[in-house]
Amino acid sequence: MTYTKLKIGDTIGIIGGGQLGKMMAQSAQTRGFKVAVLDPDDTCPARYVSHYFIHAPYNDADALRQLGEQSDVITYEFENISGEELGKITSQFNVPQGADTVVTLQNRLAEKNALQSAGAAVVPFVSVTNQDELKTSADTLGFPFMLKTTFGGYDGKGQIVIESEADFKEADELLAARPCVAEKRINLKSEISITATASPDGSVVFFPVQENEHRNQILYKTTVTGEHTHHDQAISEVKKIMQAIYFVGTFTVEFFIDQDDILYVNEIAPRPHNSGHYSIEACDYSQFDTHILAVAGWQLPETIELLKPAVMYNLLGQDLDVMEDEFPDQSWHVHVYGKAVRKENRKMGHVTILDLNNDYETIYKERM
Ligand code: ADP
Ligand code: MG
């Protein structure tokens, strides 16, 4: 894959203007780059921190070409872009991440097949397109198992738990929409993730292990201490995956750990990830900084240093309501993304806590 080293003042084009695009843009501007953003929502968070804004659907061929003409490099914060359209701009413009990786990872079945052929420890899975195959998958996996749509799921949307045959009927809606993947349900002890950044020159940096707690399948809390018993094993899984899948920029591998301490790879996000947000304050480089350095063809730092152990909580619509009235602690680092519409369970911001000596958890739970 070819790439160009950007000059100060050059423009980074971002497909998608949500919170990830906003934080990428802020990091790009710190280094003197200009930013162009394409998003279908003209009130999206990144719009107001960018030099140029293109108001269009993600897959609009003309708009993508316009973004290409305006930018010296194109990256994305949103992975469900049409592979065909991304392929077209990849052949015309500087897109160091290419199109193949995002196309593989946006389809849960293709992703799992790629992980399996990389020799990664994936949760046993089978492809399911109809009720007959659903019955067979119960024989193969045993109850309970998860049924997940192959395309477009996020924050637990597009997935259901199948506890017994009585739940088969519930699968109709998911199966009618798209092919699905059935996957053994893991008796979770914990969930972790590793964020890494790869540069087009082949160098890689890893962020520390992130321990993730979900509520309603939405990330609730990330804890990073700099130490974890599964650190070495998780890094070796990421390295295996990198032998099989081409990465440029920041990406995150999510893992499950079961009650017997067995580690499984869950999924990969080919972009900065919610569980890496703490790095803005807690590390010497954030996951957005390293992403921008990589796509700009600039040198990555040799290592990432965790300056302080950190805890990050997501602020959903309902949390923002509370926080606005009474802010729990002035030492906490608050990020509010600036989304126009505040909704229950919508990610509106996050808070990073570095001062873990105080009983932050009690304070957080009492107030929020
Ligand atoms: P997404 O993040 O795209 O919504 P995930 O597959 O990561 O989808 O699922 C979201 C969350 O649901 C996981 O982080 C985990 O808490 C839970 N979950 C998903 N799959 C399983 C599984 N096979 N076993 C146990 N828990 C699961
Ligand atoms: Mg996930």
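Residues numbered from 1 in each chain as written. Chains lettered and ligands numbered in written order. Predicted model: local features only at pLDDT ≥ 70, side-chain atom pairs only at ≥ 80, totals over all residues. Heavy atoms only, no water.

The protein goes by N5-carboxyaminoimidazole ribonucleotide synthase in an unreviewed UniProt entry, where it is assigned to Macrococcus hajekii. In the Subunit (unreviewed entry) part of its UniProt record, the protein is described as follows: "Homodimer." We quote the UniProt Sequence similarities (unreviewed entry) comment for the protein here in full: "Belongs to the PurK/PurT family." (UniProt positions renumbered as here; feature names shortened; annotations may be inferred.)

Novice: Help me understand the coordination of the magnesium ion (ligand 2) in this model?
Specialist: Distances from the magnesium ion (ligand 2) to its protein donors, Glu 254 (OE), Glu 254 (OE) and Glu 267 (OE), fall within 1.9 to 2.8 Å. Taken together, the residues Glu 254 in strand β13 (residues 249-258) and Glu 267 in strand β14 (residues 263-269) connect sequence positions 13 residues apart. The exposure class assigned to Glu 254 is buried, which follows from its relative accessible area of 14%. (Donors = N, O, S within 2.8 Å, 3.2 Å for Na, K, Ca; no water. Helix = DSSP H or I, 4+ residues; strand = E, 2+ residues; numbered from the N terminus. Buried < 20%, exposed > 50% of the residue type's maximum accessible area, 1.4 Å probe, protein only.)

Novice: Looking at this model, I keep getting lost on helix α11 (residues 317-325). Mind explaining?
Specialist: The complete set of buried residues in α11 reads Gly 317, Asp 319, Leu 320 and Met 323. Buried residues of α11, viewed axially, fall in a sector of 150°; they line one side. (Arc of directions from axis to C-beta.)

Novice: Help me understand the site of ligand 1, please; the structure alone is not making it clear to me.
Specialist: Around ligand 1 lies a shell of 20 residues, among which Lys 148, Gly 156, Glu 183, Glu 191 and Asn 266 are the nearest. A distance of 2.6 Å separates an oxygen atom of ligand 1 from a polar atom in the side chain of Lys 148. Between ligand 1 and Gln 159 there is a distance of 3.1 Å, counted from an oxygen atom to a side-chain nitrogen or oxygen. For ligand 1, the protein covers 92% of the area, taking 540 Å² as the surface of the free molecule. Taken together, the elements giving at least two residues each to the shell around ligand 1 come down to β6 (145-149), β8 (180-184), β9 (188-198), β13 and β14. Composition of the shell around ligand 1 by domain shows at least three residues from each of domain 2 (124-184) and domain 3 (188-308). (Near = heavy atom within 4 Å. Polar contact = N/O pair within 3.5 Å; in protein donor to acceptor, adjacent residues only side chain to side chain. Areas by Shrake-Rupley, 256 points an atom, 1.4 Å probe, with all protein chains shown as cover. Domains from an automatic or database assignment.)

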